[in-house]
Amino acid sequence: MRSFLYSGLPARVVFGVGALSKLPEELDRLGAKHALVLSTPEQAESARSVKAALGARAVGLYDKAAMHVPIEIAEDARRTARELGADCCVTVGGGSTTGLGKAIALTSTLPILAVPTTYAGSEMTTIYGITEGGAKKTGRDVRVLPKAVIYDPRLTLSLPPGLSAASGMNAIAHAVEALYSHEGNPIVSLMAEEGIRALAVALPRILEESKNLDARSDALYGAWLCGIVLGSAGMALHHKLCHVLGGSFNLPHAETHSIVLPHAVRYNHAAAPEAMARIEKAIQASDAAAGIFDLEKRLGLPLRLADIGMKEADLERAARIATEAPYPNPRKVEYAPVLELLRNAYEGRKP
Ligand code: NAD
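Conventions and cut-offs
- Residues numbered from 1 in each chain as written.
- Predicted model: local features only at pLDDT ≥ 70, side-chain atom pairs only at ≥ 80, totals over all residues.
- Heavy atoms only, no water.
- Domains from an automatic or database assignment.
- Contact = heavy atoms within 4.5 Å.
- Buried area = accessible area lost by both parts, 1.4 Å probe.
- Polar contact = N/O pair within 3.5 Å; in protein donor to acceptor, adjacent residues only side chain to side chain.
- Helix = DSSP H or I, 4+ residues; strand = E, 2+ residues; numbered from the N terminus.
- Near = heavy atom within 4 Å.
- Areas by Shrake-Rupley, 256 points an atom, 1.4 Å probe, with all protein chains shown as cover.
- Nonpolar A, V, L, I, M, F, W, Y, C, P; charged D, E, K, R; others polar.
- Expected span 1.5 Å × (residues − 1).
- Pairing = 2+ DSSP bridges.
- Axes fitted to C-alpha atoms, helices over the stretch in contact; angles between N-to-C directions.
- Salt bridge = Lys/Arg side-chain N within 4 Å of Asp/Glu carboxyl O.
- Buried < 20%, exposed > 50% of the residue type's maximum accessible area, 1.4 Å probe, protein only.
- Arc of directions from axis to C-beta.
- Left-handed = near helix turned anticlockwise from the far one by under 90°.

1. Concerning the domain arrangement of the chain
- The domain architecture assigned to the chain consists of domain 1 (13-156) and domain 2 (161-347).
- Using C-alpha coordinates to define each centre, domain 1 is positioned 25 Å away from domain 2.
- The interface is formed by 21 residues belonging to domain 1 together with 24 residues belonging to domain 2.
- For the pair domain 1 and domain 2, the summed buried surface comes to about 1,900 Å²; carbon and sulfur atoms form 68% of the total.
- The three residues of domain 1 that bury the most area against domain 2 are Phe15, Tyr119 and Met124, which together make up 35% of that side's buried surface.
- Seen at the junction of domain 1 and domain 2, the total is 4 residue pairs in polar contact (both at pLDDT 80 or more).
- Those elements that provide at least two residues to the side of domain 1 that touches domain 2 are β1 (13-15) and β7 (135-140).

2. Points about the site of the ligand
- Among the 23 residues in the neighbourhood of the ligand, the closest are listed as Thr40, Ser96, Thr117, Thr118 and Thr125.
- One nitrogen or oxygen atom from the side chain of Thr118 is found 2.6 Å from an oxygen atom belonging to the ligand.
- Relative to its unbound accessible area of 860 Å², the ligand is 85% covered by the protein chains.
- Sorting elements by how many residues they give to the shell around the ligand places helix α4 (residues 95-106) first, with 3 residues.
- For the shell around the ligand, the per-class residue count stands at 7 nonpolar, 13 polar and 3 charged.
- Lining the shell around the ligand are residues from two domains, each supplying at least three of them: domain 1 (13-156) and domain 2 (161-347).

3. Brief notes about helix α6 (residues 186-208)
- The first and last C-alpha atoms of α6 sit 34 Å apart over 23 residues, in line with the 33 Å expected at 1.5 Å per residue.
- A side-chain oxygen of the first residue of α6 lies 3.0 Å from the backbone nitrogen of Ile187; this N-cap is Asn185.

4. Some points on the environment of Ala336
- Take Ala336: it is sitting in helix α13 (residues 335-347).
- It is 9.6 Å that separates the C-alpha atoms of Ala336 and Thr323, two residues lying 13 residues apart in sequence.

5. Here we look at the sheet that holds strand β4 (residues 88-93)
- Pairing is parallel in the open sheet, where 6 strands are placed in the order β1-β8-β5-β4-β2-β3. Among the strands making up the open sheet, the edge pair consists of β1 and β3 (58-62). When the angles between neighbouring strand axes are averaged without regard to direction, this sheet yields 15°.
- With 2 bridges connecting them, strand β5 (residues 112-116) and strand β8 (residues 148-151) associate as parallel partners.

6. A short note on the pattern of salt bridges
- The tally for this structure, following the rule as stated, stands at 17 salt bridges.
- Close ionic contact of Arg57 with Asp28 constitutes a salt bridge, the shortest N to O distance being 3.0 Å. Placement of the pair is Arg57 in the loop between α2 (44-54) and β3 and Asp28 in helix α1 (residues 23-30), with a sequence separation of 29 residues.
- The exposure class assigned to Arg57 is partly exposed, which follows from its relative accessible area of 28%.
- For Asp28, a relative accessible area of 43% gives the class partly exposed.

7. Brief notes about helix α12 (residues 315-323)
- Where α12 is concerned, the buried positions are Leu315, Ala318, Ala319, Ala322 and Thr323. Along α12, the residues classed as buried sweep out an arc of 120° about the axis, all on the same side.
- Against α8 (237-249) and α13 lie the buried residues of α12.

8. A word on the packing of α6 against helix α10 (residues 273-283)
- Two elements in contact, α6 and α10, have axes separated by 8 Å at closest approach and are oriented at 35°. Like other packed secondary-structure pairs, α6 and α10 cross with a definite hand, here right-handed. From α6, Ser189, Leu190, Glu193, Ile196, Arg197 and Ala200 reach across to α10, where they touch Arg278, Ile279, Lys281, Ala282 and Ile283.
- Taken together, the residues that form the contact of α6 with α10 break down as 6 nonpolar, 1 polar and 4 charged.

9. Topic: the pairing of strand β6 (residues 127-132)
- One ladder, built from 6 bridges, connects β6 with β7; its direction is antiparallel. For Thr131, the partnering residue across the bridge sits in β7 and is Lys136.

Given below as C-alpha cells:
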C-alpha cells in the first residue's frame with residue numbers, strides 16, 4: 001500500500017426520516033438563541049415552516065439565496081444577519097443556500113447549522129464560493145464548515161425527479177474524482193465507492209417513485225458520503241471543467257456535472273485503473289465511462305452540453321481556460337484532448 005495522509009474534518013450529523021425535529025435541540029447544543037433561516041425564493045415556504053417550528057429561537061428568514069452566491073446577495077444577507085442580531089444561520093436548501101450561509105460565516109463568527117435538501121454536498125466541505133463581476137472566486141476556510149448537519153430525507157421528497165438525478169450525478173462526480181485524487185487515501189476510497197454504489201441504486205428507484213422514502217434515504221446517505229470525500233480530497237479535471245462551464249458560461253450546476261462526468265472518466269480511464277475498477281464495481285458495469293453514460297441515459301438526463309445552453313463557438317475558449325494553469329489529474333491536462341472531451345460532451349457521444 002502506498003503512503004498517504006488522512007485528515008478528517010469535524011462533523012456532527014443527525015440523519016433520518018423526521019430528523020428535522022431535532023433542530024431545536026441542535027441549536028441548543030450550539031448555544032444559539034437567535035437563528036437566521038436562509039433559503040432560495042423557491043424554497044421560502046418550507047423555510048418559513050422551519051422558522052415557525054423554531055418559534056422564539058428564530059429571528060428572521062432571508063429567502064434570496066441564488067446560484068453561485070452573488071456578492072450583492074452575500075452583502076445583503078450579512079447586513080440582515082447583523083441587523084437582526086442573529087447568532088447562527090440555519091440553511092434550508094441545496095448548495096446555493098449552504099453557500100450563502102458560508103458567505104456569512106466567512107466574515108462573522110456565526111455558526112452554520114445546515115439542513116441540505118439536494119445531493120450537492122457543500123455542507124461537508126470548507127470550500128466557499130462568491131461571485132463578483134461575473135467571476136466566481138472559491139477558497140477554503142474552516143470557519144465555513146457547518147457545526148451540525150441535519151439530513152432529513154423527507155425534505156428531499158419535493159426535489160423533482162430530473163433534478164434529483166442530476167444532483168445525484170453531481171454527488172457521484174465528487175466520489176469519482178476522490179477515487180483518483182492526488183490526495184486520495186484508503187478511507188476516502190471506501191466512502192467514495194460506497195457513495196457511488198448507494199446513489200447508483202437509489203436514483204433509478206427515485207425516478208420510478210419519487211416519494212419513496214427508502215430510496216430517498218439511501219440517496220441522501222450516498223450524497224453525504226460523496227460530500228465528505230469532496231471535502232477531504234482535492235478534485236481534478238472534471239471539477240475544473242464544470243467550474244469553468246458554470247462560472248464563465250453560466251451553465252446549470254448539477255446538469256453540467258452530469259453531462260461532463262462520463263467524458264472526464266474516459267479521459268482519465270487508462271491513467272487511473274484502480275479507481276476505474278472501483279467505479280465499475282460500484283455501478284455494476286464493465287466500463288466506468290460507458291456505465292456512467294448508460295446510467296444517465298436510464299435516468300433520462302440530458303446528455304449534450306448543446307441542450308443546456310453551451311454554444312459550439314465557446315468550446316475552444318472553455319478548453320483554453322480549463323488548461324491554462326496546471327493542476328493535479330491522473331492524465332496530463334492538455335488543450336487538444338480536453339477540447340475533444342468537450343466536443344464529445346457537447347454532442348452527447350457515448351464515451
Ligand atoms: P441549488 O441549491 O441551486 O438548488 C437548485 C434549485 O432547486 C433551487 O431553485 C432550489 O431552491 C431548488 N431545491 C433545492 N432543494 C429542493 C427540494 N428539496 N425540493 C424542491 N426544490 C429544491 O442547487 P445545488 O445543485 O444543490 O447547488 C449548486 C450550487 O452549490 C453551485 O453554486 C455550486 O457551485 C455549489 N456547490 C458548492 C459546494 C462546496 O463545497 N462549496 C459543493 C457542491 C455545490
